[in-house]
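# Analysis of the macromolecular model
Below, each chain spelled out in residue letters.
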Amino acid sequence: MIQKKICLLGGFGVGKTSLISRYVHSMFSDKYLTTVGVKIDKKSVTIDGTEVDLVIWDIYGQDDYQKVRMSYLRGASGYLLVADGTRRSTLDTALALHDSAMATVPNASFTLVINKADLADQWEITDDILDVLVKRGWRVLKTSAKTGSDVEDAFASLARAMIQS
Amino acid sequence: MSASQLETLLFMLDVAAFIRTEDGSFSAISKPPAWFERLTSDPTFPFLGHILEEANAFWQRGLQGSADFGPCAEVDDNGQEYHYIVTAVSARSAQYLVFQIDRGADRMRSVLQKIRSEALTAAQDGVAYQSVVADMRKTNQEVKELLGQLLLAGLNPTQLEMVNQLATRCVNLMAGATELVRATSIPKV
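All residue numbers here refer to positions counted from 1 along the written sequence of the relevant chain. Whichever chain is written first is A, and whichever ligand is written first is 1; the rest continue in order. A pLDDT threshold of at least 70 governs which residues receive local features in this predicted model, and a stricter bar of 80 or more applies before side-chain atom pairs are shown or counted, although totals over entire chains, interfaces and linings include all residues.

### Here's the deal with the overall build of chain A
Of regular secondary structure, chain A possesses four helices and six strands. Helix numbering and strand numbering both begin at the N terminus, where a helix is a DSSP run of H or I of at least 4 residues and a strand a DSSP run of E of at least 2. In chain A, the order of α-helices and β-strands from amino to carboxyl end is β-α-β-β-β-α-β-α-β-α. Both definitions apply: the radius of gyration is a C-alpha atom measure, and the globule rule equals 2.2 Å times residues to the power 0.38. In terms of overall dimensions, chain A is globule-like: its C-alpha atoms have a radius of gyration of 15 Å, near the 15 Å expected for 165 residues. By its C-alpha atoms, chain A is 40 × 35 × 35 Å across when sized along the principal axes.

### Notes on the interface of chain A and chain B
By the convention adopted here, residues are in contact when the distance between their C-beta atoms, placed from the backbone, does not exceed 7 Å. Contact with chain A, which involves 21 residues of that partner, is made by 21 residues of chain B. With four residues, the single largest contributor to the side of chain A that touches chain B is strand 2 (residues 38-47) of chain A. Pairing analysis gives two bridges linking strand 2 of chain A to strand 3 (residues 65-75) of chain B, with the strands arranged parallel. Bridge pairing in strand 3 of chain B links A:K39 to B:A73. If DSSP finds at least two bridges between two strands, the strands pair.

### Observations concerning the domain arrangement of chain B
Domain delimitation in this document rests on an assignment produced automatically or drawn from a domain database. Looking at chain B, the domain boundaries give domain 1 (3-101) and domain 2 (107-183). Each of domain 1 of chain B and domain 2 of chain B has a C-alpha centre, and these two points are 58 Å apart.

### Considering the environment of A:L91
Residues and elements named next belong to chain A. Inspection of the secondary structure assignment puts L91 in helix 2 (residues 88-104). Separated by 85 residues in sequence, L91 and I6 place their C-alpha atoms 19 Å apart. Not counting residues up to four positions away in its chain, the partners in contact with L91 are A83, I125 and I129.

### What to know about the sheet that holds strand 2 of chain A
Spatial strand order, 6(A)-5(A)-4(A)-1(A)-3(A)-2(A)-3(B)-4(B)-5(B)-1(B)-2(B): 11 strands in an open sheet with mixed pairing. Edge positions in the sheet fall to strand 6 (140-142) of chain A together with strand 2 (26-28) of chain B, since each of these pairs with one other strand and no more. If you compare each strand with its neighbour and ignore which way they point, the axes differ by 30 degrees on average. Relative to strand 4 (residues 81-91) of chain B, strand 3 of chain B runs antiparallel, the two being bridged by nine bridges. Bridged to B:V75 within strand 4 of chain B is B:E81. Every angle, taken between N-to-C directions, lies between 0 and 180 degrees, and every axis is a line fitted to C-alpha atoms, over only the stretch in contact when it is a helix. The strands touched by helix 2 of chain A are strand 1 (2-10), strand 4 (78-84) and strand 5 (109-115) of chain A; relative to strand 4 of chain A, the strand with the most contacts, the crossing angle is about 160 degrees.

### Quick look at the nonpolar core
Across soluble globular proteins, you tend to see nonpolar side chains buried next to one another. Joined through C-beta atoms within 7 Å, a set of buried Ala, Val, Leu, Ile, Met, Phe, Trp, Tyr and Cys residues constitutes a nonpolar core. For every residue, the other C-beta atoms within 10 Å of its own C-beta are counted; 20 or more classify it as buried, 12 or fewer as exposed, and values in between as partly exposed. C-beta atoms are placed from the backbone. Core analysis: the biggest nonpolar cluster contains 61 residues, and A:C7, A:L8, A:L9, A:Y79, A:L81 and A:V82 have the highest contact counts within it. Setting aside residues up to four positions removed in sequence, A:V82 forms contacts with A:L8, A:L9, A:G10, A:V14, A:G15, A:K16, A:L19, A:A94, A:V113 and A:N115.

### Brief notes about the packing of helix 4 (residues 103-152) of chain B against helix 5 (residues 157-183) of chain B
When two helices pack together, their arrangement is captured by the angle between the axes and the distance separating the axes. All names here are of chain B. Contact geometry of helix 4 with helix 5 gives a least axis separation of 10 Å together with a crossing angle of 170 degrees. Classified by the angle between their axes, helix 4 and helix 5 sit roughly antiparallel to one another. Within the contact between the two elements, helix 4 uses G126, Y129, Q130, V133, M136, R137, N140, V143, K144, L147, L150 and L151 and helix 5 uses V163, L166, A167, C170, M174, A177, T178, L180 and V181. Roughly parallel covers angles under 35 degrees, roughly antiparallel covers those over 145, roughly perpendicular covers 65 to 115, and oblique covers all other angles.

### Observations concerning helix 4 of chain B
Residue and element names in this part refer to chain B. Across its 50 residues, helix 4 extends 74 Å between first and last C-alpha, which sits within 8% of the 74 Å expected from 1.5 Å per residue. Within helix 4 the residues assigned to the buried category are A105, R109, L112, R116 and A123. Contacts from the buried residues of helix 4 go to strand 3 and strand 4. Where helix 4 ends, the next residue or the one after it, G154, has phi of about 90 degrees, a positive value. To estimate how far a helix should reach, multiply one less than its number of residues by 1.5 Å.

### Let's talk about the pairing of strand 3 (residues 50-59) of chain A
Within strand 3 of chain A, seven of the 10 residues are buried, which leaves it mostly tucked inside the rest of the structure. Hairpin remark: strand 2 of chain A followed by strand 3 of chain A, antiparallel, with two residues in the connecting loop; positive phi at A:D48, about 50 degrees.

### Overview of the packing of helix 1 (residues 16-25) of chain A against helix 4 (residues 151-164) of chain A
All names here are of chain A. For the pair helix 1 and helix 4, interaxial distance at closest approach is 9 Å and the crossing angle is 90 degrees. As judged from the angle between their axes, helix 1 and helix 4 are roughly perpendicular. In this structure, helix 1 contributes L19, R22 and Y23 to the contact, and helix 4 contributes V151, E152 and F155. Under the convention adopted here, Pro, Cys and the residues Ala, Val, Leu, Ile, Met, Phe, Trp and Tyr are nonpolar, Asp, Glu, Lys and Arg are charged, and Gly plus all remaining residues are polar. Partitioning the contact of helix 1 with helix 4 into residue classes produces four nonpolar, no polar and two charged.

### Thoughts on the pairing of strand 1 (residues 15-20) of chain B
Residues and elements named next belong to chain B. Bridge count between strand 1 and strand 5 (residues 94-101): five bridges; the pairing is antiparallel. The residue of strand 5 that forms the bridge with F18 is L97. Where strand 1 and strand 2 come together, three bridges link them in antiparallel fashion. Bridging across to strand 2, I19 finds its partner in S27. Counted along the chain from strand 1 to the antiparallel partner strand 2, the turn is five residues long, and its residue G24 has a positive phi close to 90 degrees.

### Focus: helix 2 of chain A
Residues and elements named next belong to chain A. Taking 1.5 Å per residue, 17 residues should reach 24 Å; helix 2 reaches 25 Å between its end C-alpha atoms and fits that length. Regarding helix 2, the residues found buried are T90, L91, T93, A94, L97 and A101. Buried residues in helix 2, looked at end-on, bunch into an arc of 155 degrees, giving them a common side. When the buried face of helix 2 is taken as reference, the exposed residues oriented beyond 90 degrees from it are D99 and A103. Check the buried side of helix 2 and you find it contacts strand 1, strand 4, strand 5 and helix 3 (127-135). By definition, the arc is the one covered by directions from the helix axis to the C-beta atoms.

This is the structure we're talking about:
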C-alpha cells in the first residue's frame, strides 16, 4: 500500500476543513469553525487500480494573524490550494501560498480548488481569471463542500497526479 | 524525585512523556493520559511521521534544549476538538518526546473565531449590499429616464423645479447607498 501525504492550503474560511469532512466523512456543516494548528485525517482510495493511503493535513488558514509555516509541507506529495469563489482575495492568498510551497516541496503536485460552487451567483472569481491559470497548465476545479460537487474529483485528480509523477 | 513520583506528576499534568532508546524506539516514562490513548487508536500513527521527522532534525543538531511542534488538533469521543503540542527535548545525553494539551490554542481559537466570523459575515453582507445598490442604480436610471420624458412633455416653472429637485434627490440617494456599502465594509483580514 502506497502512503501519500496531501496538505490543504488556503486563506481562512475558504472551506478546507469542510472539503476534508465531505471527502473523508461524507459530512458537511454550515457552521464555520476556524482551525488552529494542523489536523490529520486518513482515507484509503484506489486510483486507477493502485491502492493509496492518503494522509490528509488540514492546515490552519492564512491571514494577517496566522502565517502558514511551510515546514508542515515537508514530505508532502501534493497539495490542494483552496480559494473561496465568493472572495477574490482568497485566490491571491492561495497563489501566494503556492509560491511559498514551491520553495519547500518543488516536486509536489497540486490542484487549485475554487470552493463554494453552490454560491456561484455570488462569485467574484471569474472564469477569465481561472482561464489564465488553466492555460499555464494548472488543474483547476470548482467544488462545493456543501453539495459534494466535484470534491471526490479534486482529491482523486491530485492523487492521480501524485502517483504518476 | 523518585520515578514513581515523576510518573504520578506527569499523569496528573496530563502529559505523555517518552524517552528515546538507542534503537530509535520510544519507551513511556509514565502511563499516558486518556487523551493520548485516542491518538494511538490508529496503529499506523498517521500523526507521528512528520513530528518524528521534525524531532529527529532537532536531535541531530545536538543542541541541549527543546523544540515544539504543533498545535495539532484531534477530536475526542464527544466530538469536542482539543489541541496538543509535541516537544522534542534533548537533555544531557538523553532525548525525550513529550505530548501535552495546548490550552493556549483554545483561547487563540476563540479569538480567531470571533475575528474571522465577523470578517466572513462582513464579506457576505458586502455582496448582499452591492446587489441592493445595483438594483437601486437600475431604478435610479429608470427614474431619470422618466424625468427626462417629463421634461420633453413641457413643464411650467413650478413643475420644472420639482423635476430638478427629484433629480437631486436621486443623486443624493445613490451617494448615500454607496457610502453605506463603503462604511459597512470591514477591512480584509
